[in-house]
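# Close look at the chain arrangement
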Amino acid sequence: MNQRKFSIIGTDKVRKEAPAKARGEAIYTDDIKLPRMLIGKIKHSDCAHARIISIDTSEAEKLPGVKAVLVGSEAPNKYGIVPQAPTETALAIGKVRFHGEPVAAVAAVDEATADRALDLIKIEYELLPVYIDPHAAMAKDAVPLHEDNKYGNIAYMAKQDFGDVDKALAESHRVLEKTFKTSYVNHVFMEPHSCVARFDDNGDLMMWSSTQVPHYLHTMASQVLDMPMSKIQVTVPTVGGGFGGKGEASNNELVAALLSRKSLRPVKVTYSRKEVFFQHRGRHPIEMKIRMGVDREGYLTAIDYDGIMDGGAYGAWGIIILFYTAAMLHLPYKITNVRFNAKRIYTNKPTCGPMRGLGGVQPRFALESMMDDLAIMLGMSPYELKLKNAIDGKHDTVSGVHVRHSEYKKCLTEVVNRSGYLEKHQKLPFGRGVGLAGGYYISGTAYTLYMSYKPHSSALIRLDTESGVTLQCGATDIGQGSNMVLAMMCAEKLGLPYESVHVISGDTKNAPFDLGSFASRVTVAAGAAVCEAADKLLAQLLPVAAVHIGCRADQLLAGNGEIYSKFEKELRMPFWDAVEKYIDAFGPLTATGSYTPPRRTGEFKGGNVGHSPTYGFTAHVAEVEVDTETGEVKVVGYNEAGDCGQPINPLSVEGQVEGSIVMAMGQALYEEIRLAPDGRIINPNLHDYKVPTMRDIPHIKTYAVDSYDPDSPFGAKEAGEGPIQPTIPAILNAVYDAIGVRFTELPLTPEKVLQALEEKKRQEGLS
Amino acid sequence: MHGEPFGYEKPASLREFESLFAERGEDAKILAGGTDLFVLIKERLLAPRLLIDISDLPELRGISYDPGEGLTIMAGTKVAEIERSALVREHAPALAFAAANLGSNQVRWMATMAGNVCHASPAAETPPVLLAHGCELVIGTPGGERTLPISEFFLAYRKTALQAGEYLKAFRLPPLPARSAVAYQLRGLRRAMEIDMLNMGIYLELAADGVTVSDIRLAMGSVGPVTYRARGTEQRLKGMRLGEEFMAAAGAGVAEEATPIDDMRASAAYRNRVIGVLARRGLEQCLEQIGKGRGEA
């Protein structure tokens, strides 16, 4: 295929910002120091559920060096990423709903003064019952966290029913029913949230913030501060990771802006690691009761899903994630009978939210575990069962989702071949095992979070003889490398070196509109906008070059810094000479591009959630060693084969895949936020909340299967969220293969393993 | 979070330090590496009026070996120096291994073993090995010094035998006799940067026949308020012959003498189940080393 011969796409470019990051020279938000800047600090509640009787800030206000003290009633406008149902305020009003909730804030000349001022704020609480378990929160006489919520502590409910699940299960050869529980985990991005806010003399607000979504911060700041959006600018310095945790406005951002308005000075609010755990927005713990049926040949007949999501104190992304959980049941296997019944519950703990691969990771864990069990019940290899049910190159789900391109089967086959899965499964000595699991994810969403028809991404490219190539795009680089991806695409189109493209991004004023970095949307959506802008530029430039060269414009191509005829080698001119001639004759040379995802026609179900322009797929094989005396599980080998379409930068794809696997491995084996019965977090630090270290990480072999989505920019699809989906079940399937015990609760600590081994020994003794 | 303000002094010599410490010791804390101290201050669990920085005092740095006296490690020596020291690797390899498992690389270049020992956490990385070695502590006293076996140092949870005006000056590890070895076993949830859920220092010495246990020390961490030796078990094992019976008695004995609690890192039940595994694995490691030593000799 001619379209797949590229000079820049598909090469391992090193990110321009990487050396500065490695040397510690990159400028993150917390590095910003402005003249007269104050330090803002937040007073957090020390109880998990209580009415606020009074807040006395008088002593704090008197402390020399304190320039502003703020309480919730000064900013009463509620906000939320889902604008129809806002539940949050910048600071608590009337009530606190989790231990650590922001209640008041101060801005002072330095951190020590601000800390002392916080100690001087006196808050009187009337304690209410604390619910850290969703079942307790759902009890009939439970005190509702949100008095205006319709159904007590049930935040949202959803039911979906496709096909005839009861009939399909009744007619199934085998039906398996199991309950799975996932744990309460945080993203643990390296850089804590930070924001600097400053008002200028015109009353305009500037916000520097560590966010994934400058646009959504922009809208929420406008709501909370009651200011028109045109008077607010959000700009994003270097970001040290987000993974969803910076995917909506966070309290520090709004508090910084409010304190700045009150003190008339710039204010910075940077979270400590403990406050990151308070802000949270990590993965929802879900208790999933699932029934799954299979026929004699191993074809899946039905999925019946019943889920209780522990949402924490506020709404946040909750309703979206609830519906994503529903959508995720329908792929990557062909299944026509699917029932979904789930609730999201308010509890007195930091709010759950979007986290890498949202909606998919929990059901994937359950479904891939059950498919292994069903295969083994049928005396079939899990590989055979999974391959049999895997979707083909194109697929329409019973829920109305259209997959335009899939190489999922290739992923399964490649990873099985590369890992030696078939030679090892059920054949390794006791204590050692292999596990296979597959997964997929969206490459962006087809719909915005609020009703809108505007393009989801836009880009502006300017070519001039002084500044070279300037690419402006609102897409936000949070460390995933979107600036590099977009620059590579622009450079490929214009036939110029990647290094020559200057990207201005992550800014609501200096770059054209983009929704933000979430849902693995940027490569496809912003990438398409950049490609369109570049094509339009060439459409303007090539005719000018054609006159100069003396041939038809439609025979000209851009490459190697030149514009040349695809037929006659000698017909050519330097690219920049053509630009100069264009500008001499017509003035500035710019072009814009935009991207609006295809809308589904016909009947679609499920609140529009789950529809995406295109989908990425992946399959994993984990190999583990279980220490049967201590219960420790060690991941000793790991293989992945993924379909991310054409990798734009294979080195970056590898990084995304490895990062996903390590993140999920932590959730499988180590990570869990632990709460005391009173709702206090016991381990809000990276000493006691344990992410994997380099010593825990196995050698990971990743492989991009041959794939090209012809409808995507340069054939690309997502690579950053699909690969986190199969890791947990791959590891747990391997543990099953190693010791014959099926685990259904995360994390899989040595303690649980040892207990299960002893139980197994006891039962084998009985039988 | 910030703690209360404190004064800071950095004496230039041991003599200057000793007089300052004698004068201000009561409301002062010794700052060696600060990796535990500053955490406590920031969390407002400690509010010293003065920090006396000994991190650069040359008299308190260094590792030496004397065939009669054994290994001497001065209190200001960084954990990373112990981890990398050729002398420690030769004469106390289990200590080098324990040092390598303490915190992160950055922490090891700041922290001292004296700080690790004086912090007196039952989960600390180095005390079990020091107990296994039968280490003697040299304690600086007003105007002099005294020595104390480390087994008498840990009095209660985070409480040591240091009296007012005293400080830990050096560690002395006596030379290992023939047919003896020390091992260190640890368990955490992950494999680095852990506070152990269990650890153990194991000393084994065989009689000339090569099969009779002439001496044994089993020092357990994270199974009680302090790191301590399973003395009853040690007594029972002395004089036993190597073999399955000996191993089983060692495992069962330490489990019996362990008094763990449930905490964030592990349950008491888990600790009770696994401490015996550590004893066994540690003893096997010792036997392997003794065997190797014999092979070379």
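Rules and cut-offs
- Residues numbered from 1 in each chain as written.
- Chains lettered and ligands numbered in written order.
- Predicted model: local features only at pLDDT ≥ 70, side-chain atom pairs only at ≥ 80, totals over all residues.
- Heavy atoms only, no water.
- Pairing = 2+ DSSP bridges.
- Helix = DSSP H or I, 4+ residues; strand = E, 2+ residues; numbered from the N terminus.
- Axes fitted to C-alpha atoms, helices over the stretch in contact; angles between N-to-C directions.
- Core = buried A, V, L, I, M, F, W, Y, C linked by side-chain atoms within 4.5 Å.
- Buried < 20%, exposed > 50% of the residue type's maximum accessible area, 1.4 Å probe, protein only.
- Contact = heavy atoms within 4.5 Å.
- Buried area = accessible area lost by both parts, 1.4 Å probe.
- Salt bridge = Lys/Arg side-chain N within 4 Å of Asp/Glu carboxyl O.
- Polar contact = N/O pair within 3.5 Å; in protein donor to acceptor, adjacent residues only side chain to side chain.
- Nonpolar A, V, L, I, M, F, W, Y, C, P; charged D, E, K, R; others polar.
- Domains from an automatic or database assignment.
- Phe/Tyr/Trp six-rings, centres within 6.5 Å; stacked < 30°, edge-to-face > 60°.
- Lys NZ or Arg CZ within 6 Å of the ring centre and 35° of its normal.
- Right-handed = clockwise from strand over helix to strand, strands pointing away.
- Parallel < 35°, antiparallel > 145°, perpendicular 65-115°, else oblique.
- Left-handed = near helix turned anticlockwise from the far one by under 90°.
- Expected span 1.5 Å × (residues − 1).

## Things to note about the sheet that holds strand E26 (residues 615–626) of chain A
Residues and elements named next belong to chain A.
- Reading across the sheet, the four strands line up as E18-E26-E27-E28 and stay open at both edges, with mixed pairing between neighbours. Of all the strands in the sheet, just strand E18 (432–442) and strand E28 (700–704) have a single pairing partner and so form its edges. Between one strand and the next, the sheet's axes are offset by a mean angle of 15 degrees, whatever the strand orientation.

## Examining the nonpolar core
- Judged by nonpolar contacts, the single largest core of 237 residues is most densely connected at A:Met207, A:Ile731, B:Leu95 and B:Phe171.
- Residues within four places of B:Phe171 in sequence aside, it is in contact with B:Leu71, B:Thr72, B:Ile73, B:Ala75, B:Met113, B:Ala114, B:Val117, B:Leu130, B:Cys135, B:Glu136 and B:Leu137.
- Of all hydrophobic cores here, the second largest spans 54 residues; its members include A:Ala487, A:Ala525, A:Ala534 and A:Val579.

## Details of the interface of chain A and chain B
- The partner chain B presents 24 residues to the 30 residues of chain A that form the contact.
- Contact between chain A and chain B buries roughly 2,600 Å² in total, counting both sides, with carbon and sulfur atoms accounting for 48%.
- When the shortest N-O distance is used, the salt bridge between B:Arg191 and A:Asp696 registers 3.4 Å.
- The interface formed by chain A and chain B contains 13 residue pairs in polar contact (both at pLDDT 80 or more).
- Listed by contribution, the elements that provide at least two residues to the side of chain A that touches chain B are helix H3 (111–120), strand E27 (633–643) and helix H19 (750–766) of chain A.
- At five residues, the largest contribution of residues to the side of chain A that touches chain B is made by H19(A).
- Grouping the amino acids of the side of chain A that touches chain B by side-chain chemistry returns nine nonpolar, six polar and 15 charged.

## A few points about the side chain of A:Lys717
All names here are of chain A.
- Looking at where Lys717 falls in the secondary structure, it is placed in the loop between E28 and helix H18 (727–739).
- A distance of 2.8 Å separates a polar side-chain atom of Lys717 from the backbone oxygen of Tyr615.
- At 2.9 Å, the side chain of Lys717 and the side chain of Asp643 are in polar contact.

## Re the domain arrangement of chain A
All names here are of chain A.
- When its domains are assigned, chain A resolves into domain 1 (2–24 + 454–595), domain 2 (32–128 + 190–241 + 246–279) and domain 3 (286–393 + 609–766).
- For domain 2 versus domain 3, the separation of C-alpha centres amounts to 35 Å.
- Opposite the 17 residues of domain 2 that make contact, domain 3 presents 24 residues.
- Interface area for domain 2 against domain 3, summed over the two sides, is near 1,700 Å², with a carbon-plus-sulfur share of 66%.
- Linking domain 2 with domain 3 are six residue pairs in polar contact (both at pLDDT 80 or more), by the criterion used here.
- In the side of domain 2 that touches domain 3, the residues fall into six nonpolar, five polar and six charged.

## Here's the deal with the sheet that holds strand E1 (residues 38–44) of chain A
All names here are of chain A.
- One open sheet holds the seven strands; their spatial order is E3-E5-E1-E12-E9-E10-E11, and the pairing between them is mixed. What marks the edges here is a single partner per strand, and that holds for strand E3 (66–71) and strand E11 (232–235). Shown here is a sheet whose adjacent strand axes are inclined to one another by a mean of 20 degrees, direction ignored.
- With five bridges joining them, strand E9 (residues 194–199) and strand E10 (residues 205–209) adopt antiparallel strand pairing. Residue pairing across strands places Ala197 opposite Met207, the latter belonging to E10.
- Across the face of the sheet, H3 comes into contact with E1, E3 and strand E5 (102–108) while running at roughly 30 degrees to E1.
- Packed onto the sheet, helix H6 (residues 214–225) meets E9, E10 and E11 and runs at close to 145 degrees relative to E11.

## Considering the packing of aromatic side chains
Residues and elements named next belong to chain A.
- Counted according to the given criterion, the structure contains 20 aromatic pairs over all chains.
- Ring geometry for Tyr305 versus Phe340: centroids 5.1 Å apart, planes at 15 degrees, classification stacked. With Tyr305 in strand E14 (residues 300–312) and Phe340 in strand E15 (residues 338–346), the pair connects residues that are 35 residues apart, well separated along the chain.
- Under the relative-accessibility criterion, Tyr305 is labelled buried at 1%.
- Judged by centre distance (6.0 Å) and plane angle (45 degrees), the ring pair of Tyr440 and Tyr615 falls under tilted. On the criterion of sequence distance, the pair formed by Tyr440 in strand E18 and Tyr615 in strand E26 is long-range, its members being 175 residues apart.
- In this structure Tyr440 comes out as buried when scored by relative accessible area, which is 4%.
- Taken together, the ring pairs connect Tyr333, Tyr408, Tyr440, Tyr615 and Phe617 into an aromatic cluster.
- Above the face of the Tyr703 ring, Arg418 is positioned so that its terminal group lies 3.4 Å from the ring centre.
- The cationic tip of Arg521 hangs over the ring face of Phe518; the distance from NZ or CZ to the ring centre is 5.8 Å.

## Quick look at the pattern of salt bridges
Residues and elements named next belong to chain A.
- Applying the stated criterion across every chain yields a total of 62 salt bridges over all chains.
- Among the ionic pairs, Lys78 bridges to Asp148, the shortest N-O distance being 3.2 Å. Within this pair, whereas Lys78 is found in the loop between E3 and strand E4 (95–96), its partner Asp148 is found in the loop between helix H4 (134–137) and strand E7 (154–162), the two being separated by 70 residues in sequence.
- For Lys78, a relative accessible area of 36% corresponds to the partly exposed category.
- Judged by relative accessible area, which is 59%, Asp148 ranks as exposed.
- Ionic contacts of the salt-bridge type, sharing partners, join the residues Asp166, Arg291, Asp304 and Arg339 into one network.

## Thoughts on the environment of B:Ile41
Residue and element names in this part refer to chain B.
- With respect to the element layout, Ile41 can be found in helix H2 (residues 37–42).
- Through-space distance from the C-alpha of Ile41 to that of Leu71 is 33 Å; in sequence the pair is 30 residues apart.
- Residues contacting Ile41, with those up to four places away along its chain left out, are Gly3, Phe6, Leu46, Pro48 and Leu51.

## Here's the deal with the pairing of E28(A)
Residues and elements named next belong to chain A.
- The pairing of E27 with E28 spans five bridges and is classified as parallel. What sits directly across from Tyr638, in E28, is Ile700.
- Following the backbone out of E27, through helix H17 (residues 650–669) and into the adjacent parallel E28, one traces a crossover that is right-handed.

## A closer look at the domain arrangement of chain B
Residue and element names in this part refer to chain B.
- Examined at the domain level, chain B breaks down into domain 1 (7–52), domain 2 (63–173) and domain 3 (180–296).
- Interface area for domain 1 against domain 2, summed over the two sides, is near 870 Å², with a carbon-plus-sulfur share of 65%.
- Taken as a group, Phe21, Thr35 and Asp36 account for 41% of the area that domain 1 buries against domain 2, more than any other trio of residues on that side.
- For the pair domain 1 and domain 2, the interface holds zero salt bridges.
- Between domain 1 and domain 2 we count two residue pairs in polar contact (both at pLDDT 80 or more) in total.
- With four residues, the single largest contributor to the side of domain 1 that touches domain 2 is helix H1 (residues 14–24).
- Its residues assigned to classes, the side of domain 1 that touches domain 2 comprises six nonpolar, two polar and two charged.

## What about the packing of H6(A) against helix H7 (residues 251–263) of chain A?
All names here are of chain A.
- Following both chains from N to C, one finds H6 and H7 inclined at 45 degrees, their axes separated by 10 Å at the closest point. Judged by the inter-axis angle, H6 sits oblique to H7. Pair H6 / H7 crosses with right-handed handedness. For the pair H6 and H7, contact is made by Leu217, Met220, Ala221, Val224 and Leu225 and by Glu253, Leu254, Ala257, Leu258 and Arg261, respectively.
- Counted by class, the contact of H6 with H7 contains eight nonpolar, no polar and two charged residues.

## Topic: H18(A)
All names here are of chain A.
- Counted at 1.5 Å a residue, the expected span for H18 with its 13 residues is 18 Å, and the 18 Å between its end C-alpha atoms agrees.
- The element H18 is extensively covered by neighbouring structure, given that 12 of its 13 residues are classed as buried.
- Taken together, the buried positions of H18 are Thr727, Ile728, Pro729, Ala730, Ile731, Leu732, Asn733, Ala734, Val735, Asp737, Ala738 and Ile739.
- Backbone geometry just downstream of H18 places Gly740 in the positive-phi region, at approximately 70 degrees.

## Overview of the packing of H17(A) against H18(A)
All names here are of chain A.
- Direction vectors running N to C along H17 and H18 enclose 55 degrees, while the axes themselves pass 8 Å from each other. The orientation of H17 with respect to H18, classified from their angle, is oblique. Relative to H18, H17 is oriented so that their crossing is right-handed. Each of Ile661, Ala664, Met665, Gln667, Ala668 and Leu669 in H17 lies in contact with H18, whose residues at this interface are Thr727, Ile728, Ile731 and Leu732.
- For the contact of H17 with H18, a count of residues per class yields eight nonpolar, two polar and no charged.

## Concerning unusual backbone geometry
Residues and elements named next belong to chain A.
- A cis amide bond, omega 0 degrees, links Leu331 with the succeeding residue Pro332.
- For Pro332, the location among the structural elements is in the loop between helix H9 (318–327) and E15.
- For the peptide bond that leads from Leu746 to Pro747, omega is -10 degrees, which places it in the cis range.
- The phi torsion at Ala519 lies on the positive side, around 55 degrees, for a residue other than glycine.
- Secondary-structure assignment places Ala519 in the loop between strand E21 (501–505) and helix H15 (522–549).

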